Structures are given as structure tokens and as C-alpha cells.
Amino acid sequence: MAPFRPLFTAPTWRKLMTLLAGTLLAHGRRTVCSALRFSGEQMNENWSQYHQVLNRARWSSLAASQCLLLLIVETLVPKNAPITIVIDETLERRWGPQISKRGNFRDSALSSRKRSVSSNGLRWIMMAVVVTPSWTKQSWRCPFWLFSPPLPLSVWPPASGTRRLRCGPGRW
């Protein structure tokens, strides 16, 4: 396995953690300005640097999920304890002209062993670590990666009003 490479430099990491803490504490709209107010940085004169952390950085969802997984494991999982990772597939029932990855998928909430129900919507796959913090007996699911898989070829092209490609002889 390749050695872990940090995603950000130390000053950028501090700014990102400040934004994350402020977002968790903020009420109402979660903007960069409200995150800075609620994290105690309202007197900081360089608010533009915090905006630049979000819009100038190169983002990789795999690298960010690796950082989040390491943070969850180091913080919440006791040493020498087994790490349980669960995968959950969820169907979000949404439709409209702006949603391009909508498809017809099996709906696990409405289906049973005898009857299979399919619904239109977005399919999301989430990976999470199951932890039991020391202050409670309840197990928690801490997600670290969420993605929408590509559509199968049976529902391609998407139903968002895009035009079909005309292929074949004489169809130009």
C-alpha cells in the first residue's frame, strides 16, 4: 500500500477545519461567512483566504474520503478493535428536467422477497464505519464516502431531455 500523502498543507488544513467546525455550529444558511462567524474568526481580516480554500484547491473525492476514514478510525475506534465497514444503497426519489442521472431502479424500501418494486430516482451508494463511542452503548454509522454510480446502458441516455444520438446508415 502506498504511503499516506496529506491532501492539504498545514495552513490550508487549519482553514478547512475552521470552516468545518463553523459549518457544524452555524444556524440557518451555511455559507463561508456564517461558518467563520460561528467558529470565532469574525475578527479575522483575511476572509478571502477561506473562500480560496474552497474554490482553488484540487479536490479528489477518494483522497478526501481517505482522510475522513482515517480521522474516524483514529478518533472513534478503540485500539485493537475490529473495524466494521457497511455499504448502503439508497434510492432518492427525485425527478425533473435538471436531474440527469435519474433512472429506474429497484426500490428496497417498497420491495419484499415476493414482490419487486422499481421507482424512478437517483441511486446513491454510501460507505460508513460502524462505531460505538465510549459514552454510549448505541452504535453509530459514520459515513466517509458517498457517490452516485453511473447509469446502466439500459437507461442511457439520461431522461433529462437530452437528445438521442441518431446512429446507423442514412441517419445523419
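For the structure, check the block above.
Predicted, not measured: the structure shown is a model, and the values here were computed from it. Within each chain, residue numbers correspond to sequence positions counted from 1 in written order. Residues qualify for local features only when their pLDDT is at least 70, as the model is predicted, and side-chain atom pairs are given and counted only at 80 or more; totals for whole chains, interfaces and linings, by contrast, use all residues. Calculation of side-chain values draws on the structure's entire complement of heavy atoms; hydrogens and water are dropped beforehand.

Caption draft 1: Region of interest: the overall build of the chain. Numbering of helices and strands starts at the N terminus; helices are DSSP runs of H or I of at least 4 residues and strands are runs of E of at least 2. Regarding its fold elements, the chain presents four helices and four strands. Secondary structure elements of the chain, listed N to C terminal, follow the sequence α-α-α-α-β-β-β-β. Only protein chains enter the accessibility calculation, which uses a 1.4 Å probe. A residue is then buried if its area is under 20% of the maximum for its type, exposed if over 50%, and partly exposed in between. Here the chain, with 172 residues, has 24% of them falling under the buried criterion. Whether two residues are in contact is decided by their heavy atoms, any of which lying within 4.5 Å being enough. Across the chain, the fraction of contacts at a sequence separation of at least 24, relative to all contacts at a separation of at least 6, is 48%. When the accessible surface of the chain is split by element, carbon and sulfur atoms take 56% of a total near 13400 Å². Here the accessible surface of atoms and residues is derived via Shrake-Rupley with a 1.4 Å probe, and residues count as covered only by protein chains that are part of the display.

Caption draft 2: A look at the side chain of Ser 34. With respect to the helices and strands, Ser 34 occurs in helix α2 (residues 32–38). A relative accessible area of 6% places Ser 34 in the buried class. In this structure Ser 34 touches Ala 26 and Arg 29, once residues within four positions along its chain are discounted.

Interpretation in functional terms is not warranted from these geometric data alone.
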